[in-house]
Structure formats: C-alpha cells, structure tokens
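# Summary of structural features
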Amino acid sequence: MSEDIGGVPPLNWSVLVSEALRRRKTEGLTQKEHAALSGVSIPTMASFDRGETTLTLAKAFDILRTVGMIEEASAESAQDSFVSDAFARWRSLVDKLPVRSPGRFPDGWYRFDYELKGDLKAFTLREFERVLKKAETRHTGWPVFLMLSERQEFLPREMDGLIECWIRPEGDGTTRLALADPAHCDFWRGSPTGRMFSMRGYQEDSVETFPPHTIFDTSLPIWRMGEALLHAANLAHLMADDGAEITIRFRVLYTGLAGRVLRSWANPFGDLRLEGGGARSDEVVLETEVAASEVTDRLADYLYPMVAALYERFGVTGLSPNQVAVEVGRLLKSNVG
C-alpha cells in the first residue's frame, strides 16, 4: 500500500458509525426518526448501525448529514438541510403534547418537500407570505400548505427567516375536535428561496369507521401529491424572474406503512378500485424533477411512476397510466372554495 503523502488519514468507518450513533442519542432521535430524516429505509439504517460497509456512499452521506457529520459545500445539499431543520422544529413543537396526541401523528405521517431551481425573484418575508397565499390550490377541502385566516392562532408566522404554520390540536391535545385529528394537524414551512416543506397525518387514521393504522387509500396519494405539485407550479410561476424556466425537485416520504393494507376507501365507487396486501416496508421515498411549466398538462405523466412505485409496496403491479390519468382528471375538475 502506498505511503500516505497527502496528510489525510485512512477512513475509520467504525469510529464514524459510533460518532453518528452518539450524536443521534444526544439529539434525542430514534433509529426510525433518523432514517426518516435521512430518506433511507429502516433496514438500511440498521445496516449502518451494525457498521456494515455495503451501503452506497450516497446513503451513508445522507445518514451522516442528518447528524451534522457532512460539511455542506454545495447548493445541492441545501434542501436536505432545510428539510432537516423543519423536521427538528416540528419535533420541538410537539414535544410537550401527550404521547398519543394526534398532533404527534402516532400512527404515521407523510411529508412533501420541494425546491424551485432557476432564476427566482427576491422577496421579503412579508412579500413571500402574500405570494404563498396566491399560490394556494383549492382542489380539496384541506389543501396542502393551507393558510387559515379564520383563526388567529393558526395563521402563518415568521420564524427564523421563514414562513411557518402549525395547526396544533385543540383542547388537551387528544380530544377529537374540529382540528384534533392527524389529517388536520399540519406543519409546514416555506423559504423565500423557493423551498417548501409540509407534514401531515393520514386521513385514513382520522375516522371512526375502522381502527387507525390499518388501511392505506388508493386515490388519496394521487390527489395529495398532485395538489402539492400544482402548488409548486403555481409558486414557480409567481417567483420566476422575467419568465425564466423553473425546475421543480419534488419529494414525498410516506411513513408508518407497516400494518396497513391498500384499499379503495375515500372513493369506493371510482375507477381506481385497486386492493393490495400488507405493506412490504414501513416507509417509501418517492421523488421526481419536472419542468414547472409542464406540470398542469403532464401531471398524470409525472405522478404515474411515483404512484406505481408506491402501490408496489403493497404487492400491486400492473397499474396503467390511464387509471392515474382518470383520477388526475377528477382532481383538476374539483374546485373547493
């Protein structure tokens, strides 16, 4: 082996793993939370914890980055830092809620984040908040990045140079009231640099028809991901500098899938009557990069690969692009408020 002439010692993998585990413990993260923040599966995180060297470098970097062990040197990693900070902020907000509070999403949650890439106009926080209001979509009764104006305590506010909104559960944090179920306890953040983050619990866990953490609906992911991409396209149009072409880097993380089966619940008489078995993994990360100007016209094309990959976690294959297109058509025709 050649002599070390560059002054850089060999990589000691076991020391890096030990330090990452120490930092995880110091920050109060569980293995599952560390995996979710890093965008890796729990089995991948378990392999890392055991010191295995079969992980790809990219996965290892994602895990180490979450606990501050990767020096961020490029704008490409800024979105991951934004997401990590947003998740840490949410954890601090829910920390004092009861263990089974719906605001903690005890049975699982899903997260959207996206960044706009291209020439964007500069906005103050006040200006950006007004732009966000204009970008709001109204295809569902509870749209992503919701801005409630009826309740002072739920209004977005400035925090750490960002716009932030937390719709906390009412009452003692456990009683089911108008805004006390997982599907209505949103947390989201937005940055004037064109970065957005949103967390929400499952609508399937917010009804009394069946126990929480038992089903995963077929049509709701299409509607939710579709609305989030439409929001990104709206915001890109409003923020683009002199008509510049903006690219959307979009990502969604679903957690708490283990123990659920795929069922047509929200729209049992629709065309998307697919049913699957139990989830084969507890979480899934889906992502795409699209041109903002093409989102509305090609929404079904962009959603199809992500939806197909999601359904595969429940053993469903053979989903056709037309099935997704029909559901997207219903979404685009819907206008609430």
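Here's a quick rundown of the structure. Just so it is clear, the model here is predicted, and its values are computed rather than measured.

### What about the packing of helix 7 (residues 220-239) against helix 8 (residues 295-312)?
At a minimum axis distance of 10 Å, the contact between helix 7 and helix 8 shows a crossing angle of 140°. Here helix 8 runs oblique to helix 7, going by the angle between their axes. Handedness of the crossing formed by helix 7 with helix 8: right-handed. For the pair formed by helix 7 and helix 8, the contact residues are Pro-221, Ile-222, Met-225, Gly-226, Leu-229, Leu-230 and Ala-233 on the first element and Val-295, Thr-296, Leu-299, Tyr-302, Leu-303, Met-306, Val-307, Leu-310 and Tyr-311 on the second. A per-class count over the contact of helix 7 with helix 8 returns 14 nonpolar, two polar and no charged.

### Here's the deal with the pairing of strand 9 (residues 284-291)
Here strand 9 shows a clear split, with Val-284, Leu-286, Thr-288 and Val-290 buried on one side and none of Val-285, Glu-287, Glu-289 and Ala-291 buried on the other. Pairing of strand 7 (residues 247-254) with strand 9 involves eight bridges; the strand directions are antiparallel. Bridging from a neighbouring strand, Arg-251 pairs with Glu-287 of strand 9.

### Notes on the layout of surface pockets
Considered as a void within the structure, the largest pocket measures approximately 480 Å³ in volume. Among the elements of the structure, helix 2 (31-38) and helix 5 (78-94) are those that each provide at least two residues to the lining of the largest pocket. With six residues, the single largest contributor to the lining of the largest pocket is helix 5. Taken together, the residues of the lining of the largest pocket break down into nine nonpolar, seven polar and seven charged. In this structure, the second largest pocket spans a volume of roughly 310 Å³. Every residue lining the second largest pocket is counted, 17 residues in all, and those nearest its centre are Ser-38, Gly-39, Asp-62, Asp-80 and Arg-251. Sorting the residues of the lining of the second largest pocket by element identifies helix 2, helix 4 (57-66), helix 5, strand 7 and strand 9 as the ones contributing at least two each.

Each value, and the rule that gives it
- Residues numbered from 1 in each chain as written.
- Predicted model: local features only at pLDDT ≥ 70, side-chain atom pairs only at ≥ 80, totals over all residues.
- Heavy atoms only, no water.
- Axes fitted to C-alpha atoms, helices over the stretch in contact; angles between N-to-C directions.
- Helix = DSSP H or I, 4+ residues; strand = E, 2+ residues; numbered from the N terminus.
- Parallel < 35°, antiparallel > 145°, perpendicular 65-115°, else oblique.
- Left-handed = near helix turned anticlockwise from the far one by under 90°.
- Contact = heavy atoms within 4.5 Å.
- Nonpolar A, V, L, I, M, F, W, Y, C, P; charged D, E, K, R; others polar.
- Buried < 20%, exposed > 50% of the residue type's maximum accessible area, 1.4 Å probe, protein only.
- Pairing = 2+ DSSP bridges.
- 1 Å grid on protein atoms, 1.4 Å probe; cavity = no way out; pocket = protein on both sides within 12 Å on 5 of 7 lines; lining within 4 Å.
- Points joined across faces, edges and corners; volume = space filled by probe spheres on them.

As far as function goes, none of this settles anything; it's purely spatial.
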